[in-house]
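# Residue-level structure breakdown
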Amino acid sequence: MRKSTVVPAILTVAAVMLTAACGGSADPATTGAGSPERPAAASNEAQAPKAGRLSVWQSEELGPVVTDGAGFTLYRFDQDTANPPTSTCAGDCAATWPPVLVDDAQAGPGLDSALIGSVKRADGSLQLTLAGWPLYRYVQDTAPRQTRGHGIGGTWFASAPDGKKAEAPAPGATEPTKTPSKEPAAPKALPALSTVDDARHGTIVRDGKGRTLYRFTKDTAWPMKSNCQGDCLKVWKPAKLVDKNDIKGIDPKLLIPYTRPDGTQQLTLDCWPLYWYTGDKQPGDTTGHGVNDTWFTVRPDGKLAK
C-alpha cells in the first residue's frame, strides 16, 4: 500500500414596516435551551468511518463507483489535490463529509492496490486516498450504494476505481429506438411560492421550480441576518424574491426582502432567510432536512418543520 504525506415584481416594504414585522420574539428552535447544537468538528472527525475492504459496484447512473467496507459510496472533493495528496475539508465541512480513515484498507475486485494510499490530516489521523485523492463519505447517504452526494456544489463527486470522477456510461449503440408518440401536455406551472403536503414533514414551502425551501438555525430574524456565507453558499442557494401576486398558501405580508452583504436580495419568510439545497436532485426532495442539525424545511408561517 503506497503512503504519501501530507425579481419579477419585487416586494417593497417601508423601513418602519420592516422593523415592526421583524421585531418579534426569536424562534425558540434557534435560541436558549431548546437550540439544537451541532457536535464539534473534532468529534465528527474522531468518529470518522474506516475504509475496510474497498469494492466497486455498477451504478446505472454513474457507472463503476467505489464503496468502503460497509458498502457506502466514497467521494472526492475538487478543492483537494492529488499531487501532493491534500485534504481541504475540515470543521463544518468534515461534519457533512466525514473523512474515511485508511486503517485496514484493502483493495477488493476491480481496484488496484497500488492506487491506495493515505494523507495525514491536521488531527494526526490518516485519511484514505485513491490515486492521491482523499476520500469521504456523505452524511445524507443513509444506506449502502446511495449517491446523494454526487454533484453537490459542483465540487463533490462519487469516485471511480481509478480515482477519477464517476461518470454516466455512454449510451449503448444498440439502444432500442423509442416509438414516437404524441407529446404530452406541459405540466401546469407552479406558483412562484407555494406549499405542498409532505409525507414526512407536513405542510412545507417550495419555490416555483418545486424545490423545497429551508431555514438555517444560525440565521437570525431580528436583526434579519444570513450567516450562510462563503463555502456555505456553494451548497445552500439563497431563494430569490417573488411576485406577491404569484404565491399560494402563504401570507404575502410575511414575505420581506433581505439585502445580503454582496448587495443581492434574498427572500425571507417572517424575516427568516430562505434557501434551496443543491443536494435535492428532484422537485419535492427534502434531503437537506436535518443536515448538521441546523438546516430544516419550513412551514407557511416561517417556523421550522420539526
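In the block above lies the structure referred to throughout.
Described in the following lines is the structure provided in the data block. (Residues numbered from 1 in each chain as written. Predicted model: local features only at pLDDT ≥ 70, side-chain atom pairs only at ≥ 80, totals over all residues. Heavy atoms only, no water.)

### Quick look at the overall build of the chain
The helix and strand inventory of the chain stands at four helices and 21 strands. Considering the chain as a whole, with its 306 residues, one finds that 44% of them fall into the buried category. Here the chain has roughly 15,700 Å² of accessible surface; of this, 54% comes from carbon and sulfur atoms. (Helix = DSSP H or I, 4+ residues; strand = E, 2+ residues; numbered from the N terminus. Buried < 20%, exposed > 50% of the residue type's maximum accessible area, 1.4 Å probe, protein only. Areas by Shrake-Rupley, 256 points an atom, 1.4 Å probe, with all protein chains shown as cover.)

### What to know about the sheet that holds strand β6 (residues 106–107)
Ordered in space as β2-β1-β6, the three strands form an open sheet in which the pairing is mixed. Taken across any chain shown, the strands that pair with only one partner, and hence form the sheet edges, are β2 (63–67) and β6. The pairing of strand β1 (residues 53–59) with β2 spans five bridges and is antiparallel. Paired with Gln58 across the two strands is Pro64, which belongs to β2. (Pairing = 2+ DSSP bridges.)

### A word on the sheet that holds strand β8 (residues 126–130)
Sheet architecture is open: three strands sit in the order β7-β8-β9, paired in antiparallel fashion. Of all strands in the sheet, those with a lone pairing partner are β7 (116–120) and β9 (133–134), marking the two edges. With five bridges joining them, β7 and β8 adopt antiparallel strand pairing. Considered in β8, the bridge of Gly117 is made with Thr129.

### Topic: the environment of Leu269
In this structure, Leu269 sits in strand β18 (residues 265–269). What makes Leu269 buried here is its relative accessible area of 1%. Sequence separation between Leu269 and Pro252 is 17 residues; the distance between their C-alpha atoms is 9.1 Å. Excluding anything up to four places from it in sequence, Leu269 contacts Val205, Ile250, Leu254, Leu255, Leu274, Val298, Arg299, Pro300, Asp301 and Gly302. (Contact = heavy atoms within 4.5 Å.)

### Topic: the pairing of strand β17 (residues 255–259)
Along β17, four of the five residues are buried, which leaves the element largely enclosed by surrounding structure. By the bridge criterion, five bridges tie β17 to β18 in an arrangement that is antiparallel. Across the sheet, residue Pro257 finds its bridge partner in β18, namely Leu267.

### Let's talk about the environment of Thr268
Looking at where Thr268 falls in the secondary structure, it is placed in strand β18. Taking the C-alpha atoms as reference points, Thr268 and Pro238, 30 residues apart in sequence, are found 9.4 Å from one another. Residues in contact with Thr268, not counting those within four places in the same chain, are Met224, Leu254, Leu255, Ile256, Tyr258, Pro273 and Leu274. At 2.6 Å, the side chain of Thr268 and the backbone oxygen of Ile256 are in polar contact. (Polar contact = N/O pair within 3.5 Å; in protein donor to acceptor, adjacent residues only side chain to side chain.)

### As for the pairing of β1
Here β1 runs beside β6; their pairing, made up of two bridges, is parallel. Paired with Arg53 across the bridge in β6 is Gln106. Turn length for the β1-β2 hairpin, with the two strands adjacent in sequence and antiparallel, is three residues.

### A look at the environment of Asp162
Relative to the assigned elements, Asp162 resides in the loop between β10 (156–158) and β11 (193–198). Of the residues examined, Asp162 reaches a relative accessible area of 38% and is grouped as partly exposed. C-alpha of Asp162 to C-alpha of Val66: the two residues are 96 residues apart in sequence and 9.2 Å apart in space. Discounting chain neighbours no more than four positions away, the residues touching Asp162 are Leu115 and Ala131. Among the polar contacts listed, one links the side chain of Asp162 to the backbone nitrogen of Lys164, at a separation of 3.0 Å.

### Concerning the pattern of salt bridges
One pass over the full model with this rule turns up six salt bridges. As a salt-bridge pair, Asp207 and Arg211 come within 2.7 Å of each other at their nearest N and O atoms. Owing to a relative accessible area of 9%, Asp207 belongs among the buried residues under this scheme. The exposure class assigned to Arg211 is partly exposed, which follows from its relative accessible area of 27%. Here Asp231 and Lys234 are joined by a salt bridge, their closest N and O atoms 3.2 Å apart. The exposure class assigned to Asp231 is exposed, which follows from its relative accessible area of 53%. (Salt bridge = Lys/Arg side-chain N within 4 Å of Asp/Glu carboxyl O.)

### Examining unusual backbone geometry
Glycine aside, negative phi is the norm for most residues, and most peptide bonds take the trans geometry. With an omega of 0°, the peptide bond running from Asn83 to Pro84 counts as cis. The residue Pro84 is located in the loop between β4 (81–82) and β5 (85–86) in this model. A positive phi angle, near 65°, is found at Arg145, a position not held by glycine. Here Arg145 is to be found in the loop between β9 and β10. Looking at Arg145, the relative accessible area reads 52%, which means it is exposed.

Any functional reading would require information beyond the geometric quantities listed.
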